[in-house]
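Close look at the chain arrangement
Listed below, chain by chain, are the residues.
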Amino acid sequence: MVSNVERRPEMSVLDPGQPCTALEILEPRSVPLGGPRAMTVYRTLPQLRRSLVGAWCFLDHYGPDDVSPMVVPRHPHTGLATVSWLFSGEIDHLDSGGNAARVRPGELNVMIAGAGITHQEISTADTRTLHGVQLWYALPDSTRFSEKHFEHYAPEPVRAAGVSALVFLGELLGSASPVQTRTPDLLGAELTLDPGASVTIAVRRDFEHAVLAESGGVTVNSARVEHRALAYVPAGSDTLELRAGPDDPVRVILLGGVPLDEEIIMWWNFVGRTHDEIVEFRRRYQAELGFDPPDPLDDGKPPLFGPYASGQLPPLPAPTLPTTTLRPRRPGNRG
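Computed from a predicted structure; not experimentally measured.

This brings us to the overall build of the protein chain. Of regular secondary structure, the protein chain possesses one helix and 26 strands. In summary, the protein chain has a C-alpha radius of gyration of 20 Å against a globular reference of 20 Å for 335 residues, a match within 12%. Each of the three principal axes of the protein chain carries a C-alpha extent, and together these read 60 × 45 × 40 Å. Buried positions account for 54% of the 335 residues belonging to the protein chain. Excluding contacts between residues fewer than 6 apart, the proportion of contacts in the protein chain whose partners are at least 24 apart in sequence is 73%. Counting every atom, the protein chain has about 14,400 Å² of accessible surface; 51% of that belongs to carbon and sulfur. Distance between charge centres in the protein chain, computed from 30 positive and 41 negative side chains, equals 4 Å.

Moving on, we get to the sheet that holds strand β19 (residues 208-213). Judged by pairing direction, the sheet is antiparallel, and its seven strands sit side by side in the order β1-β22-β19-β24-β17-β14-β13 without closing on themselves. Edge positions in the open sheet fall to β1 (24-26) and β13 (158-160), since each of these has one partner strand only. Recorded for the sheet is a direction-independent mean angle of 25° between the axes of neighbouring strands. Two elements, strand β14 (residues 163-169) and strand β17 (residues 186-193), share six bridges in a ladder whose sense is antiparallel. Residue pairing for β17: Ser164 is matched across the bridge by Thr192.

Time to look at the pattern of salt bridges. Taken as a whole and assessed by the stated rule, the structure comprises 19 salt bridges. Through salt bridges with shared partners, a single network forms among Glu280, Arg283, Arg284, Asp298 and Lys301.

Once that is clear, we can look at the sheet that holds strand β21 (residues 223-225). Strand order in the open sheet made by the four strands is β18-β23-β20-β21, with antiparallel pairing throughout. At either margin of the open sheet sits one strand with a lone partner, and together these are β18 (198-202) and β21. Going from strand to strand, the sheet's axes swing by 30° on average, the running direction of each strand aside. Summarising the sheet, strand β20 (residues 218-220) and strand β23 (residues 239-243) pair through two bridges and their orientation is antiparallel. By the bridge assignment for β23, Thr219 is matched with Arg243.

Okay, the UniProt feature "domain: Pirin N-terminal" (unreviewed entry) in the protein chain next. Here the UniProt-annotated "domain: Pirin N-terminal" (unreviewed entry) positions come out as residues 42-136. Annotation note: span residues 42-136, helix share 0%, strand share 63%, distance between end C-alpha atoms 15 Å.

Quick look at empty space enclosed by the protein now. In this structure the tally under the stated criterion is one cavity of 30 Å³ or more. Empty space within the largest cavity amounts to approximately 50 Å³. Lining of the largest cavity is provided by Thr82, Ser84, His93, Val103, Asn109, Val110, Met111, His119, Glu121 and Phe150. Those elements that provide at least two residues to the lining of the largest cavity are β6 (80-88), β9 (108-112) and β10 (117-123). A per-element tally of the lining of the largest cavity places β9 first, with three residues. Partitioned by chemical class, the residues of the lining of the largest cavity number four nonpolar, five polar and one charged.

Within the UniProt annotation, "domain: Pirin C-terminal" (unreviewed entry) is assigned to residues 189-287. Annotation note: span residues 189-287, helix share 13%, strand share 45%, distance between end C-alpha atoms 39 Å.

What follows covers unusual backbone geometry. As a rule of thumb, non-glycine residues mostly have phi less than zero, and peptide bonds are mostly trans rather than cis. Between Leu45 and the following residue, Pro46, the backbone shows a cis peptide bond with an omega angle of -10°. Counting through the fold element by element, Pro46 comes out in the loop between β3 (39-45) and β4 (56-66). Note that the residue after Gly63, namely Pro64, is joined by a cis bond; omega there is 0°. Mapped onto the secondary structure, Pro64 falls in strand β4. Positive phi is not limited to glycine here, since Arg182 has a value of about 60°. Within the secondary structure, Arg182 is located in the loop between β16 (175-176) and β17. Here Trp268, not a glycine, exhibits a phi torsion of approximately 50°, which is positive.

Volume-wise, the second largest pocket comes out at about 370 Å³. Along the walls of the second largest pocket sit 21 residues, with Gly170, Glu171, Asp185, Leu186 and Arg204 positioned nearest its centre. Secondary-structure elements contributing two or more residues to the lining of the second largest pocket are β15 (171-172), β16 and β17.

Counting 30 residues, the largest nonpolar core has Leu172, Leu191, Leu193, Val220 and Leu242 as the members making the most contacts within it. Looking at this core, the element that brings in the most residues is β17, giving four residues. In this structure Leu172 touches Val167, Leu187, Ala189, Leu191, Ile201, Ala202 and Leu254, once residues within four positions along its chain are discounted. Counting 29 residues, the second-largest nonpolar core is a separate cluster that includes Leu139, Tyr153, Tyr232 and Ile253.

About the criteria used
- All residue numbers here refer to positions counted from 1 along the written sequence of the relevant chain.
- Only residues with pLDDT of at least 70 are given local features in this predicted model, and only at 80 or more are side-chain atom pairs given and counted; all residues enter the totals for whole chains, interfaces and linings.
- Each side-chain value is derived from all of the structure's non-hydrogen atoms; neither hydrogens nor water enter the calculation.
- Under the scheme used here, helices are H or I runs from DSSP no shorter than 4 residues and strands are E runs no shorter than 2 residues, and both carry numbers assigned from the N terminus.
- For the radius of gyration, the atom set is restricted to C-alpha positions; the globular benchmark scales as 2.2 Å times the number of residues to the power 0.38.
- Buried means the residue's accessible area, taken with a 1.4 Å probe over protein chains only, is under 20% of the maximum for its type, while exposed means over 50%, and partly exposed covers the values in between.
- Any two residues whose heavy atoms approach within 4.5 Å at even a single point are treated as in contact.
- For the area figures, the Shrake-Rupley method with a 1.4 Å probe applies, and any residue is considered shielded solely by the protein chains shown.
- When charges are counted, Lys and Arg contribute as positive and Asp and Glu as negative, whereas His and the chain ends are disregarded.
- Charged side chains are reduced to one point each, which is NZ for Lys, CZ for Arg, CG for Asp and CD for Glu.
- Pairing between strands is defined by DSSP: at least two bridges between them are needed.
- All axes are obtained by fitting lines to C-alpha atoms, using only the stretch in contact for helices, and the reported angles, taken between N-to-C directions, cover 0 to 180 degrees.
- Within this document, salt bridges are pairs made up of a side-chain nitrogen of Lys or Arg and a carboxyl oxygen of Asp or Glu, the two lying within 4 Å of each other.
- UniProt positions are given in the numbering used here, feature names are shortened, and annotations may be inferred rather than shown by experiment.
- Here a cavity is any set of points on a 1 Å grid over the protein atoms alone where a 1.4 Å probe fits but cannot get out, and a pocket is any open set with protein on both sides within 12 Å along at least 5 of 7 lines; a residue lines the site when it has an atom within 4 Å of a point.
- Grid points are joined across faces, edges and corners, and a volume is the space filled by probe spheres set on the points.
- Residues are sorted three ways: Asp, Glu, Lys and Arg are charged, Ala, Val, Leu, Ile, Met, Phe, Trp, Tyr, Cys and Pro are nonpolar, and all the rest, Gly among them, are polar.
- We call a set of buried residues a nonpolar core when its members are Ala, Val, Leu, Ile, Met, Phe, Trp, Tyr or Cys and they connect through side-chain atoms within 4.5 Å of each other.

Laid out in structure tokens, this is it:
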């Protein structure tokens, strides 16, 4: 667990430089998770129109939903990091790195899979409503086979004219997260705009950004972004303009990062670089967790996905691979 860094309680929103003007609005698609009593999530990354924003490669927005309970049994990840961020409810996390932690509103849990990890997520017994976002970012080739890692961080709020912020990754409004991401510079923050507020926020010119309209519609660079949609802003500008409606505060999730100039393949819970890598990740997961017999191809290789605490729910098997070759997502972040 990392400690908080010192914050200044009040800051001005900077307003320099070239404003962002270009905008691409990504509409969410609803995805049921969890079988017959599924919880619906609203997915804006990845999609055909855009695969990545910086290294961010996955964004599910959910709730507020009644749960009874939410149970996601043990499952694998490779080549990515998961970022859990809640607005209400609590979730217990357990992983094969030996980390057991509770996910609470306004507190960050980052799990870096590296070469391989497994974990489970189960809502706490007293949680009746869940509301949050589940995010992934892809690890670059230089760190994607590194050791698994977990960090918890509780950012202190910062305030500027018309807006408050919890900066959980990167730097914004004078607040800097100490969390090490093993990926080129990233930004992740929750912003809440006052009713009627119009703010111009200084951002990094080399970052591309995305704004999720979390609690309701918001105006981004003069374009209306409806609830649950994601506004993509390309790199090349110094500022980002946000405006709330006149009656209610509006909460957004702001993501950013240097464009990831690498081809990636995303399939199920794996991020790799080639079809053959994904095939191997699946094969080794199935064998290590007892779904399939070991393959001689993997003789002598160290395990990727264990060990694990005893007495837990049975793990999830991997789905069947498609019969066609998995194709990489091109640099430039187009699907």
